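Results of the structural survey
Chain by chain, the residues:
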Amino acid sequence: MSVQWFPGHMHATQKALRERLKTTDVVIELLDARLPGSSANPLLAQLIGDRPTLKVLNKEDLADPARTAQWLAHYNAQPRTRAIALHAHTPGPARTLVAECRRLAPHRGGMVKPLRVLIAGIPNVGKSTLLNTLLGKRAAKAADEPGVTRQEQRVVLADDVYLYDTPGLLWPKIIVPESGDRLAASGAVGRNAFDEEAVALALLRALQADYPALLEARYRLGLAPATIAALPDHELLAAIGRKRGALLPGGRIDPHKAGEAVLADFRAGAIGRITLETPQTFAAWLDAARAAEAQLQAQRQARRAPRNRTGPEVARHHPDADTNP
């Protein structure tokens with residue numbers, strides 16, 4: 001299944017981002033700490049270019065601490081980039097963000113040259129919640145669904161630090177299928193763009209591989225972690241549905257309702273602290289996706305080429321065309 005979601009207002013967001021970046025000193029890219037690679041917008045990376053960037057792994061309280069450390073090391077090794085982990089409800093994040101942005105743009109500061117910061121990220125990554133925490137009040141709409149913020153907002157972080165908030169932005173084509181599944185599982189994609197059962201099955205496969213003990217602790221299936229890891233995903237979903245009461249008339253399992261329950265538990269952190277990818281696994285997915293995309297483009301170009309050439313050019317190369325008149 002290919003998960004794709006790019007509502008019309010995102011075209012306007014892309015245009016507004018492009019304009020705002022012309023006067024931006026530092027970009028804060030808010031990432032989901034549970035899926036840092038998949039939640040990094042490649043379109044935003046193109047727009048940012050070589051501008052200093054602060055990668056903020058948000059929702060770190062829901063993520064696997066060991067894997068968060070791997071991602072921080074990965075991003076901090078990149079040029080003109082800093083990376084920190086953050087929980088949007090943590091007190092005092094403004095001081096941390098301002099200090100990191102000043103480190104990235106030491107030439108900016110003071111009322112003559114105020115530091116201009118842009119914060120961007122995918123939908124439902126927690127930007128509005130973070131802004132409300134920064135200001136200590138409800139200044140931005142926040143909801144557990146994508147696409148709530150629709151226009152730019154300016155926030156004064158310090159006397160000489162201006163922060164511009166932008167609506168969440170995905171990219172027109174998600175070429176990494178694993179990323180599509182994870183973005184949908186996290187709530188970054190509108191519900192009409194994917195099937196809950198299919199995404200829940202993809203999520204369960206990832207959890208079976210890396211966190212089977214957490215699945216047993218949450219759902220109390222009475223199975224050893226090794227047994228959970230070896231179960232076919234649809235059988236595991238059925239077992240969870242039975243435990244959660246996701247039943248149809250006659251006692252049959254409702255896989256759609258069971259899938260919704262699994263996704264809701266993951267988004268709320270009820271299963272445990274989980275990170276669905278490492279820098280290495282995401283790099284492998286991306287390489288495979290780029291190779292598949294290149295092959296697809298080559299096939300399309302081949303289909304566009306004329307199959308049967310006619311006219312003077314063919315006549316010149318046809319064996320019978322060499323006879324004299």
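Calculation criteria
- Residues numbered from 1 in each chain as written.
- Predicted model: local features only at pLDDT ≥ 70, side-chain atom pairs only at ≥ 80, totals over all residues.
- Heavy atoms only, no water.
- Buried < 20%, exposed > 50% of the residue type's maximum accessible area, 1.4 Å probe, protein only.
- Helix = DSSP H or I, 4+ residues; strand = E, 2+ residues; numbered from the N terminus.
- Pairing = 2+ DSSP bridges.
- Right-handed = clockwise from strand over helix to strand, strands pointing away.
- Axes fitted to C-alpha atoms, helices over the stretch in contact; angles between N-to-C directions.
- Contact = heavy atoms within 4.5 Å.
- Nonpolar A, V, L, I, M, F, W, Y, C, P; charged D, E, K, R; others polar.
- Salt bridge = Lys/Arg side-chain N within 4 Å of Asp/Glu carboxyl O.
- Polar contact = N/O pair within 3.5 Å; in protein donor to acceptor, adjacent residues only side chain to side chain.

**A look at the pairing of strand 1 (residues 26-32)**
Along strand 1, 7 of the 7 residues are buried, which leaves the element largely enclosed by surrounding structure. Burial along strand 1 is two-sided: the face carrying Val26, Ile28, Leu30 and Asp32 and the face carrying Val27, Glu29 and Leu31 are both buried. Both strand 1 and strand 4 (residues 115-121) contribute to a ladder of 5 bridges, which runs parallel. Each residue of the ladder has a partner; that of Ile28, found in strand 4, is Ile119. Examined bridge by bridge, strand 1 and strand 2 (residues 53-58) share 6 bridges and lie parallel to one another. Note that in strand 2 the partner of Ile28 across the bridge is Leu54. Note that the unit made of strand 1, helix 2 (residues 42-48) and strand 2 has a crossover that is right-handed.

**Notes on the pairing of strand 6 (residues 161-165)**
Where burial is concerned, most of strand 6 is hidden: 5 out of the 5 residues are buried. Residues Val161, Leu163 and Asp165 line one face of strand 6 and the alternating positions Tyr162 and Tyr164 line the opposite face, and both faces are buried. Pairing analysis gives 5 bridges linking strand 4 to strand 6, with the strands arranged parallel. The partner of Leu118 across the bridge, within strand 6, is Tyr164.

**Notes on the packing of helix 3 (residues 65-76) against helix 12 (residues 279-304)**
Packing of helix 3 against helix 12 leaves a shortest axis separation of 9 Å and a crossing angle of 65°. Contact residues: Gln70, Trp71 and His74 in helix 3; Pro279, Gln280 and Phe282 in helix 12. Considering only residue class, the contact of helix 3 with helix 12 consists of 3 nonpolar, 3 polar and no charged.

**A short note on the pattern of salt bridges**
On inspection of all chains with the given rule, the structure shows 17 salt bridges. In this structure, Asp25 and Arg116 form a salt bridge, with 3.0 Å as the shortest nitrogen-oxygen distance. Placement of the pair is Asp25 in the loop between helix 1 (9-21) and strand 1 and Arg116 in strand 4, with a sequence separation of 91 residues. Arg191 is the salt-bridge partner of Glu196, the closest N and O atoms lying 3.1 Å from each other. When its relative accessible area of 8% is taken as the criterion, Glu196 is described as buried.

**Digging into the environment of Lys243**
One can find Lys243 in helix 10 (residues 233-244). Through-space distance from the C-alpha of Lys243 to that of Tyr219 is 6.9 Å; in sequence the pair is 24 residues apart. Look past the residues within four positions of Lys243 in its chain and what remains in contact with it is Tyr219, Arg220 and Leu221. Among the polar contacts listed, one links the side chain of Lys243 to the backbone oxygen of Arg220, at a separation of 3.1 Å.

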